[in-house]
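Overview (structure and organization)
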Amino acid sequence: MSESRDSIIIGAGIIGSATALALARKGWRPLVVDSLPASGYGSTSASCAIIRPYYSTVDGSAIAYESHFYWKDWSGFLGFEDERGLARYVNCGCTVLKTEQNGQLAATMAIMDEIGAPYEELGPEALQGRLPVIDLNAFAPAKRPEDADFGAPNGQRISGAVFFPPGGYITDPQLAAHNLQRAAENAGAAFRFNSRVREIRRRDSRIAGVTLEDGTALDAPVVVNVAGPHSWKVNRLAGVEDGMKIRTRALRHEVAHVPSPAGFDFEHDGTVYSDSDVGAYCRPETGNYVLIGSEDPECDPREWVDPDDYNTEFTEQWRVMVMRLAQRFPELGIPGQTKGVVSLYDVTDDWIPIYDRSDLPGFYMAVGTSGNQFKNAPIAGEMMAELIAACEGGRDHDRDPVTFRLRHIGREVSIGFYSRRRAVNPDSSFSVLG
Ligand SMILES: Cc1cc2nc3c(=O)[nH]c(=O)nc-3n(C[C@H](O)[C@H](O)[C@H](O)COP(=O)(O)OP(=O)(O)OC[C@H]3O[C@@H](n4cnc5c(N)ncnc54)[C@H](O)[C@@H]3O)c2cc1C
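Note that the structure is predicted; figures quoted are calculated from it, not measured. (Residues numbered from 1 in each chain as written. Predicted model: local features only at pLDDT ≥ 70, side-chain atom pairs only at ≥ 80, totals over all residues. Heavy atoms only, no water.)

**Examining the packing of helix 3 (residues 58-72) against helix 11 (residues 377-392)**
Quick reminder of the rule: Between the N-to-C directions of two axes lies an angle of 0 to 180 degrees, each axis being a line fitted to C-alpha atoms and, for a helix, fitted only over the stretch in contact. Secondary structure follows DSSP: runs of H or I at least 4 residues long count as helices, runs of E at least 2 residues long count as strands, and numbering of each begins at the N terminus. Angular relationships are summarised with four words: roughly parallel below 35 degrees, roughly antiparallel beyond 145, roughly perpendicular across 65 to 115, and oblique for the angles in between. Pairs of residues are marked as contacts when any of their non-hydrogen atoms sit within 4.5 Å. Under the scheme applied here, ten amino acids are nonpolar (Ala, Val, Leu, Ile, Met, Phe, Trp, Tyr, Cys and Pro), four are charged (Asp, Glu, Lys and Arg), and all others, including Gly, are polar.
Two elements in contact, helix 3 and helix 11, have axes whose closest approach is 8 Å; the angle formed by their N-to-C orientations is 105°. In this view, helix 3 runs roughly perpendicular relative to helix 11, as classed from their interaxial angle. Residues Ile-63, Glu-66, Ser-67, Tyr-70 and Trp-71 of helix 3 form the contact with helix 11, whose own contacting residues are Pro-378, Ile-379, Glu-382 and Met-383. Its residues assigned to classes, the contact of helix 3 with helix 11 comprises six nonpolar, one polar and two charged.

Pasting the structure below:
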């Protein structure tokens, strides 16, 4: 290695790039290595990039609400102009249906009250006023299309929804990662692409560095695993899995892009929309499209895959998601031609990420982002930098967890919440909702 680097980050996705920026701002000189040709080309590029404050836990919600303020002032946060321009935050808010599945959102509203996040309850008329194309029949539980009752109302009515103003989406998630890359480079980080890590080396029971596929050996006293859906493979290379109670694995997912329901301009008048009654979520997309994802209802099989060997073609999942949302928006057409993305989540046992050290001194991980951490990337990066600086300074984070200040909302969170040694969090939704 021709230049001296004090840390190596494996993965230049949104989280790896944010970690590089935060470390560089603390005076480190990280080198980010990625097997792909550019930053954000992994699962980040497929992200729906939805920003929303509601999670199933108080800490998860507080961090998500805080992230809204980072994205609102993206240019100020970066403090650097990217020659490709900046990713844009469309702050259209989020509408979540009150359903039996989410307990009419009572717990969610209690969490919002606790963290001081604004929201507005909408009765059926107000909801229909905002979304005139909506059908307020209830269809739960979500079903497979081969079920004879698919699409048949269950006799109940949707009682309303909650609107969350601090939310929306980022127009170009890959560009957001590139923005972070440029800001990190400006602060002293370096990026090396087309470089796959094939070996992780130790010396005297501490991390020593990594070796790339082409044989290049890169030495550094700190290595961070931010490899997205490949995280378990990188943890295995480092030999740290035995010290983890929570594990990660790759889950295949499809996202559908379809034209707006007839008679409604979803791009300009729509919001992020979550519907646990039919088991789907969606958001506006450029060109008056709707981008549809699955909320993983119980009736659907989960496709755990090898991140180096999985089906990248659309399957039945695509059509099922569109049909489910078409129950709610009857004017939504189901195109014959599939459009959207096929990608992978890096999922933990409780769908809450791991931002932590490992049992191998000098080896850290920001993994298991479970399809819901794009929004939190700037904060995840800063938490990782605090954690790494504290641990390298001699702090035992496992016994005495490092805390992190959410400066916009005036709260403190324990990074121990994301420990690799935690028990499975029973408050989790055990789904992409986190
Ligand atoms: C379909 C989909 C929809 C999503 N929607 C949302 C959403 O609406 N809101 C939200 O907040 N989150 C969402 N997410 C989640 C979010 O996008 C991810 O949590 C986030 O992008 C993960 O970023 P990352 O940097 O950890 O991983 P990645 O972007 O996957 O980056 C990991 C990088 O590591 C590299 N790598 C792996 N192994 C090696 C190796 N051995 N050597 C070198 N490099 C390696 C890869 O090439 C890759 O570039 C979604 C995810 C998906 C897939």
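**As for the packing of aromatic side chains**
Stated precisely, the cut-off is as follows: Whether two aromatic rings pair depends on their centres lying within 6.5 Å, for rings of Phe, Tyr and Trp, where Trp uses its six-membered ring; planes under 30 degrees apart make the pair stacked, over 60 edge-to-face, and the rest tilted. For the exposure calls, accessible area comes from a 1.4 Å probe over protein chains only, and a residue counts as buried if that area is under 20% of its type's maximum, exposed if over 50%, partly exposed in between.
According to the stated counting rule, one finds 15 aromatic pairs in the structure shown. Taking 6.2 Å as the distance between ring centres and 65° as the angle between the ring planes, the aromatic pair formed by Phe-266 and Phe-329 counts as edge-to-face. Of this pair, Phe-266 sits in helix 9 (residues 266-269) while Phe-329 sits in the loop between helix 10 (316-328) and strand 19 (340-348), and the two are 63 residues apart along the sequence. Phe-266 sits in the buried class, given a relative accessible area of 1%. Here the aromatic cluster, defined as three or more aromatic residues joined through ring pairs, consists of Tyr-70, Trp-71, Trp-74, Phe-77 and Phe-374.

**Some thoughts on the environment of Pro-307**
Considering the arrangement of structural elements, one finds Pro-307 in the loop between strand 18 (304-305) and helix 10. Residue classification places Pro-307 among the buried positions, given a relative accessible area of 7%. Once the C-alpha coordinates of Pro-307 and Asp-346 are considered, the two residues, 39 residues apart in sequence, prove to be 9.4 Å apart. Not counting residues up to four positions away in its chain, the partners in contact with Pro-307 are Pro-229, His-230, Trp-232, Lys-233, Ala-250 and Leu-344.

**Details of the pairing of strand 2 (residues 30-33)**
To keep it simple, the criterion reads: Strands are labelled as partners when DSSP assigns at least two bridges between them. Think of it like this: strands point away, you trace from the first strand over the helix to the second, and a clockwise trace means the crossover is right-handed.
Both faces of strand 2 are covered, namely the face carrying Pro-30 and Val-32 and the face carrying Leu-31 and Val-33. Two strands pair when backbone bridges link them, and strand 1 (residues 7-10) and strand 2 are joined in this way by four bridges, in the parallel orientation. Across the sheet, residue Ile-8 finds its bridge partner in strand 2, namely Leu-31. Assessed by its sense of winding, the connection that carries the chain from strand 1 through helix 1 (residues 14-25) to strand 2 is right-handed. Pairing geometry for strand 2 and strand 9 (residues 190-192), over three bridges, is parallel. Across the sheet, residue Val-32 finds its bridge partner in strand 9, namely Phe-191.

**Looking at empty space enclosed by the protein**
Taking a probe equal in size to a water molecule and rolling it over the atoms shows the remaining empty space. As a reminder, the rule being used: Of the two site types, the cavity is a set of points on a 1 Å grid over the protein atoms alone where a 1.4 Å probe fits but cannot get out, and the pocket is an open set with protein on both sides within 12 Å along at least five of seven lines, each lined by residues with an atom within 4 Å of a point. Grid points are joined across faces, edges and corners, and a volume is the space filled by probe spheres set on the points.
Enumeration over the complete set of coordinates arrives at three cavities of 30 Å³ or more. There is about 60 Å³ of room inside the largest cavity. If you trace the largest cavity, you find it lined by Tyr-55, Ser-56, Thr-57, Gly-60, Trp-351, Ile-352, Pro-353, Asn-372, Gln-373, Phe-417, Tyr-418 and Gly-434. Reported here for the second largest cavity is a volume of approximately 40 Å³. Looking at the second largest cavity, the residues that line it are Phe-139, Pro-141, Ala-142, Lys-143, Phe-150, Gly-151, Asp-277, Val-278, Arg-324 and Gln-327. Looking at the lining of the second largest cavity residue by residue, the classes come out as five nonpolar, two polar and three charged.

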